[in-house]
There are 2 protein chains.
Amino acid sequence: MPISTNKAFVKDRARCLMSINEALAVVCPAVSVKQAIGVYLFQNTLTTLGTERHQHIIEELWNQQALSALALTEVAHGSDAKNMRTTATYDQETEEFVINTPDFQAAKCWVGNLGKTCTMVLLFAQLYTGGQCFGLHAFVVPVRDPKTLLPYPGLIIGDIGEKIGLNGIDNGFVMFQNYRIPRQNLLNRVADVTKDGDYESSFTEPGKLLGAALENLSAGRVGIMQEGSNNLINAVTIAVRYAALRTQFGSDNGPEVPIIEYQLHQWRLFPYVSAAAVLKIFTTSLTDDYLNAVEMSNTDTAIDNLREMISEIHAIISATKPLITWTCLHAIQECREACGGHGYLKAARFGDLRSTVDPCVSYEGDNNVLLQQTSNWLLRQWSSVINHNTTHSPLKTCSFLTNCNEILSKRFAGSSVRHVKTVAFVTQTYEWLITYLLKNTHQKQSELLTTQCKFTARNNSQVYKAAPLSKAYGEYVALKYYWNHINEHVEADLRSILGTLGLLYGLSCLDKHLVYLLQGNYGNGSLVNYIQDAILELCNEMKKCAVSVTDALAPPDFVINSVLGKADGKLYENLRNELFRGDTCVPEILASKL
Amino acid sequence: MPISTNKAFVKDRARCLMSINEALAVVCPAVSVKQAIGVYLFQNTLTTLGTERHQHIIEELWNQQALSALALTEVAHGSDAKNMRTTATYDQETEEFVINTPDFQAAKCWVGNLGKTCTMVLLFAQLYTGGQCFGLHAFVVPVRDPKTLLPYPGLIIGDIGEKIGLNGIDNGFVMFQNYRIPRQNLLNRVADVTKDGDYESSFTEPGKLLGAALENLSAGRVGIMQEGSNNLINAVTIAVRYAALRTQFGSDNGPEVPIIEYQLHQWRLFPYVSAAAVLKIFTTSLTDDYLNAVEMSNTDTAIDNLREMISEIHAIISATKPLITWTCLHAIQECREACGGHGYLKAARFGDLRSTVDPCVSYEGDNNVLLQQTSNWLLRQWSSVINHNTTHSPLKTCSFLTNCNEILSKRFAGSSVRHVKTVAFVTQTYEWLITYLLKNTHQKQSELLTTQCKFTARNNSQVYKAAPLSKAYGEYVALKYYWNHINEHVEADLRSILGTLGLLYGLSCLDKHLVYLLQGNYGNGSLVNYIQDAILELCNEMKKCAVSVTDALAPPDFVINSVLGKADGKLYENLRNELFRGDTCVPEILASKL
């Protein structure tokens, strides 16, 4: 498996590596990141952007003769990759590229594995030849002697220091001064520089270029989504198990009540339980679509709508990577608080989970920046609808837009809680909401464009228009995948509880968009009551099965690794064992008491 | 100052200790907690609940011959203090109390300073004498030899282990088995047990009892509010200074734009900047009212409405301790994200701030539990309004309720953004909102009470009724104090910017309650647009002064202690110095480059 580059195996290999990464990430996140950056992503890039002359490096990686790192981010530039300032200038005399870092602001930084351990980096630098700049290109750059791990001369290299979490990764920075690498170290599948210094575009298979771009851009994000949905499961499992066992208060002279019985506590936790189920199934299904697209882009037959499909997957991931990572981060915090003081114990695990998930909202595409990618794509679809009454949505995540007039004229006509507790209601309401927000965003931008440039107009239509649009679209797509999966793959006897979970997730998300439903006259004050009452009813229905649901989702105890969240139900016994692990003073006379 | 118990100095002493604590907390939180628990709160309790025979302990504390801890929380009981199960049974033979911990669930735990260092604890235990239980009482219990710090026999004592943060505090647990203390160790100002074992209520000054209760309940919470508002200032200062210096993207061929220019970025940060200003001033003003009440309760003349005032202060604190701690926690997270990857550096400080503030939402009253205290008080006021058309609100935080009919009939009549950008609009809208939510909460509880007991009815009206009611009330009170302070104490030339800050805070908070404004027909879709447009306009107005505002609020650099948030504006120079502090490899030949 390791070094196969046989195209037929691309999909299986990718799935296999993703599964290993998922398993590793949930037990020991730093190791998974180290490996993902040090081997998988580098191999991906070499396979897709490199050519035959680079393939021997893959073998070195798998034989542990080399460890790599990806050097894109600079001190002063993260999201804005185009403006990176590191240069690689071709020197025809020696047939080498000469790498330079103009100043500290252009130092490559945050590079995982670079701080202490990697022997080579995949460097993104502005390629210059013949005095002309040809933009960002990727180079293989040896930085440390593999035998001694001492840096090569010509480099300023160091560790960026302690972080909030993930300190098992040695994130580093590096500056180059007239640092020379052979011409052949340019990854030349897309373009090459000849011995004589001529720049030549060498790419002839546009499908593969797209596929390569997709794989390189999205593999990391899909991985983050998988890890995020798993960490979300961990967090809710701990909090639900704790809530079922912890009692506090009670009516006069009555017994103490388990906190899971409190409506407010249910409302704080169960929407996150439903999110865990929906987002786990969504991520699994989306991974299939993603891997299919990767496979298709690696076949030799041209695929008609491959370009559209890849754009759509990019739009989906740009909305749902933020959705999953933020949901996970907020869930961890709510679960920490829902476990009270005991949740603040390191042994409860919430602190480590939070520190691990926290950077996921920033790296591999800052969440707020990614959301703009989605809204930009949706706005292109809207233009298409207006001008040609069509969408470019082969996965059909926004094909409903062609019915925009009908959709926008819809009003909620139900008259009871029952009418909102249906998949049809949630789906239709989301279609109305997305259409409404999309139309408003388009309108806002059109107005702004009369006096502002496109860049400014886009920026000034994010807050109450484009950003909520992308968020709503992400939730809608996650639910759509979830319900498709249930209908196609799930046994009838499981559909009831999975239906409850889907509705609770859908309605809880809609609860945050109610203002738009009222503002756009989709419904009135009664609709608000129906939705909120439905959420409380669903929470109440979930009370009896919340523990079973989390048991079904949860990994084994050693993975969750929380003193509050073990499957055995022995909360206080486990807490006691944990507390007595320290240097407790236990006089002999009292030992019997334990 | 240390051991003065002169009543005239009570207020000055409390203010002085609070100021020391505030200053210490922002530089070194663990030390401040250690001292607050180990000395201040213990002294408070001894002064208010103890009598002459306990005063020598205060001297020992200040002479560093003793360190104390407060042992209330048990493993299985936190918020529900009444159900603590540790017992102190009077033994007439020896004139001692015999302390017992029935099982591990009743072990005292999370007790700050108990893990390794304290020599005595203030123990809350159920007092038994003559076979009868008289409820929770406070006892001074020596637990360690002050010379050796070795625990006394009869105790199982230990450290609870690592926590998410504040590991400078040794939180501990303790179990007692037939552990004996002298009869005189009962704090006997409220009640005493005679040599013969008779229980006698000895308290004759109800004002002082109330005052004592207030001081003991609220001193810690007021301290948390002070620390929370200071940490909020720290977080926004770092993020605003970073945003002013960090550039990213730009229009075609235009210069790169500082991220503070982006509307979305302003909207993410500036409401928290306004919160920092409003909540800081509110906390300072409320502290005055709190200290006045403490002073009044320590004078010998009876105060008419002291009981009402103390209840009202308790209601205010129960709403605003949650408001401030949650706002601070959310702000820290948003600021971390707004500084991107660099925000994840430990040296950026957000990680430590978050770990420090995180437990504040749970201790000294869990936020969700406290909010119920406020709504319960408001519901009592509502009954008073219905039955006698009056409120018991000497601080006038809800006296407007007597106009409830007029208020509820009000509708927003404005027709432009200008009409919502006024103090009058924000105040009136909050009065409408609180009245609306209070009426609905009362109605909901009344309905539920026809089939449920009071306990259950209260629990089942929290989610969309009582909890948002308390939150809205907390915001309203904070703004009310803020505007009073500006009008009374601030020079005219500062009122413009302080007015902008107040409006931005008020409207940003109202933005989260818009659904209620629409549902209750206070306004329609246009009102939503006006409020949201006003927020964006105010953000834009703040752009030019955000740095000055945070400069005015911020403590010195060594206190903020963030590589991203120094006042000198040398972001990348500071980052470089920080990164090069590690074991960076700098070849001699390149040293000139730095």
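Residues numbered from 1 in each chain as written. Chains lettered and ligands numbered in written order. Predicted model: local features only at pLDDT ≥ 70, side-chain atom pairs only at ≥ 80, totals over all residues. Heavy atoms only, no water.

### Let's talk about the packing of helix H10 (residues 423-449) of chain B against helix H13 (residues 492-511) of chain B
Residues and elements named next belong to chain B. To keep it simple, the criterion reads: To get an axis, fit a line to the C-alpha atoms, keeping to the stretch in contact for a helix; angles then go from 0 to 180 degrees between the N-to-C directions. By the criteria applied, helices consist of DSSP H or I runs no shorter than four residues and strands consist of E runs no shorter than two, each listed in order from the N terminus. The crossing is said to be left-handed when, going from far helix to near helix, the turn is anticlockwise and less than a right angle, and right-handed when the turn is clockwise. Should any heavy atoms of two residues lie within 4.5 Å, those residues are considered in contact. When residues are sorted by character, Ala, Val, Leu, Ile, Met, Phe, Trp, Tyr, Cys and Pro go into the nonpolar class, Asp, Glu, Lys and Arg into the charged class, and all the rest, Gly among them, into the polar class.
The N-to-C vectors of H10 and H13 enclose an angle of 35°; their axes lie 10 Å apart at closest approach. Note on packing geometry: the crossing formed by H10 with H13 is left-handed. Residues Val423, Phe425, Val426, Thr429, Tyr430 and Leu433 of H10 touch H13, and the partners they reach there are Leu503, Gly506, Leu507, Cys509 and Leu510. Per-class residue counts for the contact of H10 with H13 are nine nonpolar, two polar and no charged.

### Focus: the pattern of salt bridges
Rule in force here: By definition here, a salt bridge exists when the distance from a side-chain nitrogen of Lys or Arg to a carboxyl oxygen of Asp or Glu is within 4 Å. Burial classification: accessible surface area is computed with a 1.4 Å probe over protein chains only, and a residue below 20% of its type maximum counts as buried, one above 50% as exposed, and the rest as partly exposed.
Under the counting rule described, the total for this entry stands at 38 salt bridges over all chains. Residue Lys280(A) pairs with Glu22(A) through a salt bridge whose shortest N-O separation is 3.2 Å. You can see Lys280(A) sitting in helix H5 (residues 263-297) and its partner Glu22(A) sitting in helix H1 (residues 10-27), a full 258 residues away along the chain. Here Lys280(A) falls in the partly exposed class, since its relative accessible area comes to 23%. Across the pair Glu334(B) and Arg268(B) runs a salt bridge, and its minimum N-O distance is 2.7 Å. Separated by 66 residues along the polypeptide, Glu334(B) in helix H6 (residues 306-338) and Arg268(B) in helix H5 (residues 263-297) bring together distant segments of the chain. The buried category is assigned to Arg268(B), whose relative accessible area is 9%. Via salt bridges that share partners, Asp91(A), Glu96(A) and Arg180(A) belong to a single interconnected network.

### Here's the deal with helix H7 (residues 350-357) of chain A
An α-helix turns once per 3.6 residues; consequently, residues spaced three or four apart project the same way. Of all eight residues that make up H7(A), seven are buried, and the element is covered over most of its length. For H7(A), the set of buried residues is Phe350(A), Gly351(A), Leu353(A), Arg354(A), Ser355(A), Thr356(A) and Val357(A).

### Structural notes on the pairing of strand E3 (residues 96-100) of chain A
Side-chain positions along a regular strand alternate between the two faces of the sheet. Residues and elements named next belong to chain A. So the rule is basically this: Two strands pair if DSSP finds at least two bridges between them.
Counting buried positions along E3 yields four of five residues, so the element is predominantly enclosed. Bridge count between strand E2 (residues 87-91) and E3: five bridges; the pairing is antiparallel. Following the sheet pairing, aspartate 91 is matched in E3 by glutamate 96. Hairpin geometry of E2 and E3 is characterised by an intervening segment of four residues between the two adjacent antiparallel strands and by a positive phi of about 55° at glutamate 95.

### Considerations on the sheet that holds strand E8 (residues 172-176) of chain B
All names here are of chain B. Read across the open sheet, the three strands follow the order E4-E8-E7; overall the sheet is antiparallel. The two strands at the open ends of the sheet, each matched to only one other strand, are strand E4 (108-111) and strand E7 (155-159). Strand-to-strand twist across the sheet, computed as the mean angle between neighbouring axes with direction ignored, equals 15°. Pairing of E4 with E8 involves two bridges; the strand directions are antiparallel. Counterpart to valine 111 in the pairing with E8 is glycine 172.

### What about the interface of chain B and chain A?
Threshold: The term buried area denotes the loss of accessible surface (1.4 Å probe radius) that occurs when two parts are joined, taken as the sum for both partners.
Each partner contributes residues to the interface: chain B has 99 residues there, and chain A has 99 residues. Interface of chain B and chain A: buried area, both sides summed, is about 8,700 Å²; carbon and sulfur atoms make up 62% of it. At the junction of chain B and chain A, the tally comes to four salt bridges. Of the charged contacts in the structure, one is a salt bridge between Asp358(A) and Arg336(B), with a shortest N-O distance of 2.7 Å.

### Considering unusual backbone geometry
Unusually for a residue other than glycine, Asn113(A) sits at a positive phi of about 85°. Given a relative accessible area of 0%, Asn113(A) falls into the buried group.

### Here we look at the state of the cysteines
Just so we agree on the cut-off: The disulfide definition used here is simple: a pair of cysteine sulfur atoms within 2.5 Å.
Going through the model one piece at a time under the given rule, you end up with zero disulfides over all chains. Cys404(A) provides the cysteine sulfur closest to Cys398(A), a residue in no disulfide bond, and the two sulfurs are 11 Å apart. Free of any disulfide, Cys16(B) has its nearest cysteine sulfur in Cys28(B), 19 Å distant. Judged by its relative accessible area of 31%, Cys16(B) is partly exposed.

### Looking at the packing of H1(A) against helix H2 (residues 29-49) of chain A
Angle between the axes and distance between the axes are the two parameters that describe a pair of packed helices. All names here are of chain A. Which entries qualify depends on this criterion: An angle below 35 degrees is treated as roughly parallel, one above 145 as roughly antiparallel, one from 65 to 115 as roughly perpendicular, and anything else as oblique.
Here H1 crosses H2 at 160°, and the two axes come no closer than 8 Å. By the angle class used here, H1 and H2 are roughly antiparallel. Viewed along their axes, H1 and H2 form a crossing whose handedness is left-handed. Between H1 and H2, the contacting residues are Arg13, Leu17, Ile20, Asn21, Leu24, Ala25 and Val27 on the first element and Pro29, Val31, Ser32, Gln35, Ala36, Tyr40, Gln43, Asn44 and Thr47 on the second. When its residues are assigned to classes, the contact of H1 with H2 shows nine nonpolar, six polar and one charged.

### Regarding the sheet that holds strand E8 (residues 172-176) of chain A
Residues and elements named next belong to chain A. Across the sheet, which stays open at both edges, the three strands sit in the order E4-E8-E7 with antiparallel pairing between neighbours. The sheet is open, and its two borders are formed by strand E4 (108-111) and strand E7 (155-159), each paired with just one other strand. Along the sheet, successive strands turn relative to each other by an average axial angle of 15°, direction set aside.

### Quick word on the confidence of the model for chain A
The criterion, for reference: Note on scores: pLDDT gives the predictor's confidence for each residue, bounded by 0 and 100.
Here chain A averages 92 in pLDDT, and 93% of its residues register 70 or above. For this predicted complex, the interface score ipTM comes out at 0.96, alongside a pTM of 0.96.

### Thoughts on the environment of Val417(B)
Topologically, Val417(B) is positioned in the loop between helix H9 (404-409) and H10. The spacing of Val417(B) and Ser526(B) is 109 residues in sequence and 9.4 Å in space, taken between C-alpha atoms.

### Examining the nonpolar core
Let me state the cut-off plainly: Here, nonpolar core means buried Ala, Val, Leu, Ile, Met, Phe, Trp, Tyr and Cys residues that are tied together by side-chain atoms lying within 4.5 Å of each other.
Core analysis: the largest hydrophobic core is formed by 302 residues, its most contacted members being Phe425(A) and Phe425(B). When residues no more than four places from it in sequence are discounted, the contact partners of Phe425(A) are Phe412(A), His419(A), Val420(A), Leu507(A), Leu510(A), Tyr522(A), Leu527(A) and Ile531(A).

### With respect to the relation of the copies chain B and chain A
Quick note on the threshold: In this comparison the copies share one frame, found by least squares on the C-alpha atoms of residues holding pLDDT of at least 70 in both.
Screw-axis analysis of chain B against chain A gives a translation of 0.0 Å along the axis, an RMSD of 0.0 Å, and a rotation angle of 180°. Viewed as a symmetry operation, the transformation between the two copies matches a two-fold axis. The rotation axis passes nearest to the C-alpha of Val515(B) in chain B, at a distance of 2.7 Å. In this assembly, 100% of the residues forming the interface of chain B have copies in chain A that are likewise at the interface, indicating an isologous arrangement.

### Here we look at the environment of Val27(A)
All names here are of chain A. Assignment of secondary structure puts valine 27 in helix H1. Exposure remark for valine 27: the relative accessible area of 43% places this residue in the partly exposed category. Once the C-alpha coordinates of valine 27 and asparagine 561 are considered, the two residues, 534 residues apart in sequence, prove to be 8.6 Å apart.

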